[in-house]
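# Remarks on the overall topology
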Amino acid sequence: MAAEISEDYPQEIDEQLTGFDSSVTEVKTMLEKLMAMNRNDLQQKLDPLDQAKLDLMSAYSLNSLFWMYLVTQGVNPREHGIKQELERIRTYMNRVKEITDKKKAARLDKGAAARFVRNALYDAEDKDSRKKVASKKAADTTAESPQPKRPKQN
């Protein structure tokens, strides 16, 4: 019977339909696995960011499947409300991605950066001259400070 059907349309369409059929079968198995899990138990095991990712993935997948359904029914999905819904979900997915990227970004240790720059610009002669200036200032301040008076003894 498959041979009779394939004679009614070109060979390249048959290859595309076979690929489409295998893709739909894969999607069906994945959805069955997802639906078999208890959603509440799954949500409790995840942190809030992963919960958001799961919810967004689920919503995007369902809306994409609906998009494909509309195409198979001859409806232009670009003129349907599903397009705005998919765009809205994509914006939320981008927000979650930004948050994830910020978490992964390297943190700057200001103290370590300052030490790194100071040591990279280190000059031995400059350090000796700074020590001399500092010791000279210390000597000047002790010489200029008034000596405490002794109390008179009667």
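Residues numbered from 1 in each chain as written. Predicted model: local features only at pLDDT ≥ 70, side-chain atom pairs only at ≥ 80, totals over all residues. Heavy atoms only, no water.

## Here's the deal with the overall build of the protein
From N to C terminus, the protein includes seven helices and zero strands. Along its sequence from the N terminus, the protein presents helices and strands in the succession α-α-α-α-α-α-α. Here the protein, with 154 residues, has 9% of them falling under the buried criterion. Contacts spanning at least 24 positions in sequence make up 43% of the contacts within the protein whose residues lie at least 6 apart. (Helix = DSSP H or I, 4+ residues; strand = E, 2+ residues; numbered from the N terminus. Buried < 20%, exposed > 50% of the residue type's maximum accessible area, 1.4 Å probe, protein only. Contact = heavy atoms within 4.5 Å.)

## Considering the environment of Arg 88
Relative to the assigned elements, Arg 88 resides in helix α5 (residues 82-104). Residue class for Arg 88 comes out partly exposed when judged on its relative accessible area of 40%. Sequence separation between Arg 88 and Tyr 60 is 28 residues; the distance between their C-alpha atoms is 9.7 Å.

## Examining the pattern of salt bridges
A complete count under the given rule lists three salt bridges for this structure. For Asp 55, the salt bridge is made with Arg 39, and the minimal N-O distance between the two is 2.6 Å. Taken together, the residues span a long stretch of sequence, with Asp 55 in helix α4 (residues 48-72) and Arg 39 in helix α3 (residues 39-45) at a distance of 16 residues. A residue is classified by how much of its surface remains accessible, and Arg 39, at 34% relative accessible area, is partly exposed. With its nearest N and O atoms 2.6 Å apart, the salt bridge here joins Arg 88 to Glu 85. Here Arg 88 and its partner Glu 85 are both found in helix α5, three residues apart, which amounts to about one turn of the helix. (Salt bridge = Lys/Arg side-chain N within 4 Å of Asp/Glu carboxyl O.)

## Some thoughts on the layout of surface pockets
Any empty space left between atoms is shown by rolling a water-sized probe over those atoms. A volume near 350 Å³ is recorded for the largest pocket. Around the largest pocket, the lining is made up of 15 residues, and of these Leu 31, Leu 34, Met 57, Ser 58 and Ser 61 lie nearest the centre. Elements with a minimum of two residues in the lining of the largest pocket: α2 (11-36), α3 and α4. With seven residues, the single largest contributor to the lining of the largest pocket is α4. Residue classes in the lining of the largest pocket are distributed as 11 nonpolar, three polar and one charged. As a volume, the second largest pocket reaches approximately 160 Å³. (1 Å grid on protein atoms, 1.4 Å probe; cavity = no way out; pocket = protein on both sides within 12 Å on 5 of 7 lines; lining within 4 Å. Points joined across faces, edges and corners; volume = space filled by probe spheres on them. Nonpolar A, V, L, I, M, F, W, Y, C, P; charged D, E, K, R; others polar.)

## Some details on the confidence of the model for the protein
Chain-level statistics for the protein give a pLDDT mean of 80 and a share of 74% at 70 or above. The weakest mean pLDDT in the protein belongs to helix α1 (residues 2-6) at 47; the strongest belongs to α5 at 92. Between residues 1-6, whose pLDDT stays under 50, and residues either more than four places distant or in other chains, the model counts one contact. (pLDDT = per-residue confidence, 0-100.)

## Topic: the packing of α4 against α5
Where α4 meets α5, the axes come as close as 10 Å, and the angle between the chain directions of the two elements is 155°. Viewed along their axes, α4 and α5 adopt a mutual orientation that is roughly antiparallel. You can see that α4 and α5 cross each other, and the crossing is left-handed. Facing α4, whose interface residues are Leu 49, Ala 52, Lys 53, Leu 56, Ala 59, Tyr 60, Asn 63, Ser 64, Phe 66, Trp 67 and Leu 70, α5 presents Ile 82, Lys 83, Glu 85, Leu 86, Ile 89, Arg 90, Tyr 92, Met 93, Val 96, Ile 99, Thr 100 and Lys 103. Of the residues in the contact of α4 with α5, the class split is 15 nonpolar, three polar and five charged. (Axes fitted to C-alpha atoms, helices over the stretch in contact; angles between N-to-C directions. Parallel < 35°, antiparallel > 145°, perpendicular 65-115°, else oblique. Left-handed = near helix turned anticlockwise from the far one by under 90°.)

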